[in-house]
Amino acid sequence: MIAKYRFYAGLLCLGERVKGGVYRPCAKTIPYSQLRGALKEQFGVGLHAVGVIDSCEIGHLAITPKDRSNDGVRLPIRAMFLEEVKGKVFVADGDEFLPKEFYINMGGLRSRGFGLCHLKREDMADGEEGIDRGWLRTRIPKDLINIFEIEIIKPRYGYLFESIDVETGKYILSYFEGSKVKGPRFLIKGGGEN
């Protein structure tokens, strides 16, 4: 059973992992790994969840990380973030763990007021149910696509970071937005025989 939640965040930074450089981009979708981690942190249970963003504004912020080794300041980094984020989150088998309305913290820059997300349960709308062909709108690990009944036609690969504990984690091969799929309408765009 898939539950649908309306999603809203005022400021959200779903940072991409980048080594070096002075620009840090932001994902324009809600990845499985971010949602799973946030739900586990809030409710203590690892649920399978994916999200899609319907609308948002894009902003930029200059941050100057502190260098702990010499108590100085590193080169400024320009970080991309999302404002007024509206979307949907879909949770598999979360009925017994999740209330109808709740808040979670997700993403980066939380110390600067980013990441508070409001979720409110809704019924599936007409046109969201059923299977269709189109382009995937989220990021999900390769070995978990069966949970959401996704069949891959033409993949677009990437890696999602999965936490093992507070200090460690690993990267797992995943399907990214833009993969051509046959799956539930709520996770795809395009539809038809694109």
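Residues numbered from 1 in each chain as written. Predicted model: local features only at pLDDT ≥ 70, side-chain atom pairs only at ≥ 80, totals over all residues. Heavy atoms only, no water.

A. Summary view of the pairing of strand S13 (residues 169–175). Both strand S10 (residues 140–141) and S13 contribute to a ladder of 2 bridges, which runs antiparallel. Directly across from Pro141, in S13, lies its bridge partner Ser174. Of the pairings in the sheet, the one linking strand S12 (residues 157–163) to S13 comprises 7 bridges and is antiparallel in character. If you follow Tyr159 over to S13, its bridge partner there is Leu173. Linkage of S12 to S13, two consecutive antiparallel strands, is achieved through a turn of 5 residues. (Pairing = 2+ DSSP bridges. Helix = DSSP H or I, 4+ residues; strand = E, 2+ residues; numbered from the N terminus.)

B. Broad picture of the state of the cysteines. What the rule picks out here adds up to 0 disulfides. The cysteine Cys13 is free of any disulfide, with Cys26 supplying the nearest cysteine sulfur at 5.1 Å. With relative accessibility at 5%, the residue Cys13 sits in the buried group. (Disulfide = S-S within 2.5 Å. Buried < 20%, exposed > 50% of the residue type's maximum accessible area, 1.4 Å probe, protein only.)

C. Seen up close, the packing of aromatic side chains. Taken as a whole and assessed by the stated rule, the structure comprises 6 aromatic pairs. Between Phe90 and Phe186, the ring centres sit 4.1 Å apart and the planes meet at 25°, which makes this aromatic pair stacked. Of this pair, Phe90 sits in strand S6 (residues 77–92) while Phe186 is found in the loop between strand S14 (180–184) and strand S15 (188–189), placing the two residues 96 residues apart along the sequence. According to the relative accessible area criterion, Phe90 is buried, its value standing at 0%. Among the aromatic side chains, those forming a connected cluster through ring pairs are Tyr5, Phe43 and Phe102. (Phe/Tyr/Trp six-rings, centres within 6.5 Å; stacked < 30°, edge-to-face > 60°.)

D. Representation of the environment of Ala27 within the structure. Turning to its location among the elements, Ala27 is positioned in the loop between strand S2 (23–24) and helix H1 (32–43). Given a relative accessible area of 2%, Ala27 falls into the buried group. A sequence separation of 53 residues divides Ala27 from Met80, and the C-alpha atoms of the two residues are 9.0 Å apart.

E. Broad picture of the sheet that holds S14. Ordered in space as S11-S14-S9-S15, the 4 strands form an open sheet in which the pairing is antiparallel. Of all strands in the sheet, those bounded by a partner on one side alone are strand S11 (151–154) and S15. In the sheet, strand S9 (residues 131–136) pairs with S15 via 2 bridges, with the strands oriented antiparallel. Across the sheet, residue Trp135 finds its bridge partner in S15, namely Lys189.

F. Up close: the side chain of Arg137. The residue Arg137 is located in the loop between S9 and S10 in this model. Every residue in contact with Arg137, bar those within four places of it in the chain, is listed here: Thr29, Gly51, Val52, Ile53, Asp54, Glu177, Phe186, Leu187, Ile188 and Lys189. (Contact = heavy atoms within 4.5 Å.)

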